[in-house]
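# Coordinate inspection notes
So the chains spell out like this:
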Amino acid sequence: MHKNDGVSFTSSPLKIPLSQTPAFQLTGTRHLAFQLIDSLRNRFNNVKHHSTQFNVSAQSELGVRSSTRRSPLLCFASVSLAAEKQSIGRSPLLYSAFLSLTQPDSTESTQDGHLATAGPFGEERVLVGEVLVRNKDGEELERKDLEMEALNALKACGANSALTAWEVQEDVDRIIDSGYFSSCMPVAVDSRDGIRLVFQVEPNQELRGLVCEGANVLPSKFLENAFRDGHGKVVNLKRLGQVISSINGWYMDRGIFGLVSGVDIFSGGIVRLKVAESEVNDISVRFLDRKTGEPTKGKTKPATILSQLTTKKGQVYSRLQGKRDVDAISAMSLMDVSILPQSAGDAGKVDLIMNVVECPSGRFSAGAGISSGITSDLLSGLFGSFAYSERNLFGKNQKLNVSLERGQIDSTFRINYTDPWIEGNDKQTSRTITVQNSRSSGTLVHGNQHDNSSLSIGRVTAGVEFSRPLRPKWSGTAGLFFQRAGAHDEKKNPLIKDFYGSPLTASGKLYDDMLLAKVECVYPGSGNKGSSMFIINMEQGLPVIPDWLYFNRVNARVSKSVKLGPARLLLRLSGGHVVGNFPPHEAFAIGGTNSVRGYKEGAAGSGQSYVVGSSEVSLKMLGPVEGVIFADYGHDLWSGPNVPGNPAAARNKRGSGYGYGIGIRLNSPLGLLRLEYAFNDRFAKRLHFAFGNPK
């Protein structure tokens with residue numbers, strides 16, 4: 001084989017960093033390889049003018065010494081992973097590429113008569129008779145599938161083709177880009193049949209194990225699934241890049257500050273992933289003036305705001321969790337808030353600054369409404385209301401509400417003090433203290449008197465209750481109340497019996513005293529159409545003093561909405577039972593706007609037990625207007641006679657009934673307005689008007 005004279009060697013490392021974006025790709029060395037080739041060409045031209053022959057063992061500018069006795073076309077390129085420690089922000093994957101070329105001193109012909117022609121940019125072309133893929137020792141690859149992967153990656157290099165160094169380098173890049181090989185060295189060798197181009201490749205190791213460092217919130221199951229198909233197979237760097245992208249995508253989809261910061265492949269086929277997750281270093285509150293936006297002093301205690309956060313120091317920060325925290329603080333209706341993450345001094349940590357703009361917390365309000373207990377006309381159910389509320393008492397989000405509602409029949413004076421989150425409690429338990437004096441219609445059970453005068457039930461109540469979340473979408477309430485209740489006529493004179501001689505109190509006195517333990521469990525659903533709702537509550541009379549009433553009252557409601565094409569079907573079911581020494585006005589009334597429509601309030605029955613079912617189909621008509629068709633049925637389960645004095649029998653209540661009809665609904669700024677026209681099983685007709693959804 002002839003010597004290659006006039007050859008100059010150079011070598012240069014190439015580093016390709018791991019992208020910090022989710023789209024991690026292993027790019028080739030082509031761009032910098034072109035620069036190296038141009039450099040070689042320039043050096044070759046300069047040297048050629050000064051000498052016609054150089055020592056093959058020449059020292060390169062970078063101190064890399066190479067020698068060869070091979071054919072006029074010789075290139076060498078390799079890309080390898082450097083297993084060294086990396087920190088976030090640096091390049092976790094290091095690649096090095098070395099390119100060396102030999103060129104003859106003549107551009108007119110090659111040794112042994114093989115033709116060299118000119119390629120792009122003036123590069124010489126060399127005719128290649130055969131192209132092979134071998135291992136780094138020049139032997140056949142043990143795995144033919146890897147040999148085929150390398151051959152399939154070739155685009156320019158083929159048997160009986162005239163090639164330039166550029167084209168060879170491009171195919172080297174393609175082999176590396178296939179992801180199966182850590183290095184590729186093209187070697188051109190003269191043979192009897194012409195120049196043989198051999199790509200000496202070094203396949204990656206087989207995946208035998210995985211180590212993941214720094215992943216505190218990334219599920220191990222996710223990693224297992226991502227690498228399961230590759231276990232025992234040759235590591236494909238392109239596939240590895242896709243896995244890294246999926247891991248980064250997992251963090252991105254959940255709004256978590258985390259990404260893969262480094263990848264190492266060790267001997268033995270062990271892959272180590274380094275994951276950087278940003279932990280919360282500190283959380284601070286900054287109050288801003290609503291008009292100027294400048295920092296100011298706030299009324300709310302910072303501890304009150306921080307108590308609403310689920311994000312804590314030391315945990316990995318999540319933007320989605322931060323949004324839920326903002327929503328929780330906004331639900332206090334006291335302030336506008338935003339969270340600003342900032343890089344902390346420690347690497348991989350963030351500081352959270354909460355910018356808070358407070359809203360006025362005290363206000364007066366007035367309004368009007370219609371009582372659901374009306375029995376004759378709309379005007380008799382009208383009432384007005386007045387209230388004062390302070391929503392940020394003592395700067396601790398504690399609420400004080402004083403309200404008065406008064407109408408022709410119903411009236412209520414109430415004082416409420418609520419602490420939404422008792423200090424020091426980690427279960428988000430709230431406490432409400434209530435004092436109330438109310439008067440409500442007694443006609444639901446007892447009807448009107450013989451002279452058509454009304455009967456009312458007066459109650460004085462004082463007590464405390466505690467509420468807390470039980471589990472997602474479930475909440476529970478427990479309380480203890482003292483109540484004094486009695487019946488009055490229109491002139492507010494106390495009554496013991498009604499016109500029919502039925503008792504109006506359980507004790508036979510003017511007033512019934514009772515100590516009530518209350519428990520309630522609520523599942524409100526998602527609040528969207530199609531969700532379910534469930535409520536169950538219980539009241540237990542505790543006879544701490546012998547004269548105090550002893551009874552148990554249970555009530556439950558459930559509803560479900562189902563979409564039927566353009567329409568929606570709503571199903572509701574409610575029921576209850578009371579047992580013990582209970583006053584008659586605690587019996588269950590059947591009939592009315594929120595019960596069996598087509599009947600007056602309580603006209604269908606009043607019993608110790610009851611069940612009411614309802615179904616309705618609603619359809620969007622025009623804008624906020626809906627049309628509805630409904631049907632209701634209720635029954636006292638034959639328990640009317642068990643109510644003290646049997647008021648249902650004295651007033652000819654059958655104890656059961658059904659109604660059906662049509663109506664329209666309007667979503668207005670005042671809330672949902674309902675206007676319904678119903679027929680009952682006694683062929684009576686009735687118009688119902690109400691605010692809010694049916695109960």
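Residues numbered from 1 in each chain as written. Predicted model: local features only at pLDDT ≥ 70, side-chain atom pairs only at ≥ 80, totals over all residues. Heavy atoms only, no water.

Per an unreviewed UniProt entry, the chain goes by Bacterial surface antigen (D15) domain-containing protein and derives from Gossypium tomentosum. Under the heading Subcellular location (unreviewed entry), UniProt records this for the chain: "Plastid, Chloroplast outer membrane". (UniProt positions renumbered as here; feature names shortened; annotations may be inferred.)

### Looking at the packing of aromatic side chains
Taken as a whole, this structure holds 13 aromatic pairs when the rule is applied. Taken together, a centroid distance of 5.3 Å and an interplanar angle of 90° make the contact between tyrosine 677 and phenylalanine 679 edge-to-face. On the basis of relative accessible area, tyrosine 677 is assigned to the partly exposed category, the value being 35%. Taken together through their ring pairs, the aromatic side chains of Phe222, Trp250 and Tyr251 make up a single cluster. The side chain of lysine 518 reaches across the aromatic face of phenylalanine 481, ending 4.9 Å from its centre. Positioned over the ring face of phenylalanine 630 is arginine 597, at 4.0 Å from the centre of the ring. (Phe/Tyr/Trp six-rings, centres within 6.5 Å; stacked < 30°, edge-to-face > 60°. Buried < 20%, exposed > 50% of the residue type's maximum accessible area, 1.4 Å probe, protein only. Lys NZ or Arg CZ within 6 Å of the ring centre and 35° of its normal.)

### Describing the nonpolar core
Judged by nonpolar contacts, the single largest core of 23 residues is most densely connected at Ile175, Leu197 and Phe199. Those elements giving two or more residues to this core turn out to be β5 (124–135), α2 (144–153), α3 (165–177), β7 (181–191) and β8 (194–203). For leucine 197, the contacting residues outside a window of four places in its chain are Val128, Glu130, Val131, Leu132, Cys157, Leu163, Val168, Pro186, Val187 and Ala188. Formed by 21 residues, the second largest nonpolar core is a distinct cluster that contains Phe227, Leu237, Val275 and Val316. (Core = buried A, V, L, I, M, F, W, Y, C linked by side-chain atoms within 4.5 Å. Helix = DSSP H or I, 4+ residues; strand = E, 2+ residues; numbered from the N terminus. Contact = heavy atoms within 4.5 Å.)

### A few points about the environment of asparagine 667
As for its placement among the helices and strands, asparagine 667 is situated in strand β31 (residues 656–668). Here the alpha-carbon distance between asparagine 667 and glycine 692, two residues 25 residues apart in the chain, equals 9.4 Å. Ignoring anything within four residues of it in the chain, the contact list for asparagine 667 reads Pro624 and Leu672.

### Quick notes on the sheet that holds strand β10 (residues 258–266)
Sheet architecture is open: 3 strands sit in the order β9-β11-β10, paired in mixed fashion. Two strands close off the open sheet at either side, each with one partner strand: β9 (209–213) and β10. Across the sheet, the mean angle separating the axes of adjacent strands is 20° when strand polarity is ignored. One ladder, built from 5 bridges, connects β9 with strand β11 (residues 270–277); its direction is parallel. (Pairing = 2+ DSSP bridges. Axes fitted to C-alpha atoms, helices over the stretch in contact; angles between N-to-C directions.)

### Concerning the environment of glycine 613
Structurally, glycine 613 is set in strand β29 (residues 609–622). Looking at glycine 613, the relative accessible area reads 23%, which means it is partly exposed. Distance from glycine 613 to leucine 573, taken between C-alpha atoms, is 4.5 Å for residues 40 residues apart in sequence. Discounting residues that sit within four places of it in the chain, glycine 613 has contacts with Arg572, Leu573, Ala631, Asp632 and Tyr633.

### Describing the pattern of salt bridges
Within this structure, the stated rule accounts for 32 salt bridges. Close ionic contact of glutamate 167 with arginine 125 constitutes a salt bridge, the shortest N to O distance being 3.0 Å. Of the two residues, glutamate 167 sits in helix α3 while arginine 125 sits in strand β5, which places them 42 residues apart along the sequence. Considered together, glutamate 167 and arginine 125 belong to a single accessibility category, that of buried residues. The partner of aspartate 282 in a salt bridge is lysine 313, and the shortest N-O contact between them spans 3.1 Å. Here lysine 313 lies in the loop between α6 (302–306) and α7 (319–330) and aspartate 282 lies in strand β12 (residues 279–287), a separation of 31 residues in the sequence. Take aspartate 282: its relative accessible area is 31%, and that puts it in the partly exposed class. Judged by its relative accessible area of 56%, lysine 313 falls in the exposed class. Salt bridges here are not isolated pairs; linked through shared partners, they connect Arg572, Arg597, Glu616, Asp632, Arg665, Arg674 and Glu676. (Salt bridge = Lys/Arg side-chain N within 4 Å of Asp/Glu carboxyl O.)

### Concerning α2
Turning to α2, its buried residues number three or more, namely Leu146, Glu147, Ala150 and Ala153. All buried residues of α2 lie within an arc of 125° about the axis, which places them on one face of the element. (Arc of directions from axis to C-beta.)

### Observations concerning unusual backbone geometry
Positive phi values are uncommon outside glycine, yet phenylalanine 394 reaches one of about 60°. Turning to its location among the elements, phenylalanine 394 is positioned in the loop between β16 (382–393) and β17 (398–407). Here asparagine 646, not a glycine, exhibits a phi torsion of approximately 45°, which is positive. Within the secondary structure, asparagine 646 is located in the loop between β30 (625–635) and α9 (647–650). Overall, asparagine 646 belongs to the partly exposed group, its relative accessible area being 23%.

### Considering helix α5 (residues 237–253)
Given a rise of 1.5 Å per residue, 17 residues ought to cover 24 Å, and the 24 Å separating the end C-alpha atoms of α5 matches this to within 8%. All of the buried residues along α5 are Leu237, Leu240, Gly241, Val243, Ile244, Ser245, Ile247, Asn248, Gly249, Trp250 and Tyr251. The elements touched by buried residues of α5 are α4 (220–228), β10 and β11. You can read the cap of α5 off the contacts: a side-chain oxygen lies 2.8 Å from the backbone nitrogen of lysine 238, and it is on asparagine 236. (Expected span 1.5 Å × (residues − 1). Polar contact = N/O pair within 3.5 Å; in protein donor to acceptor, adjacent residues only side chain to side chain.)

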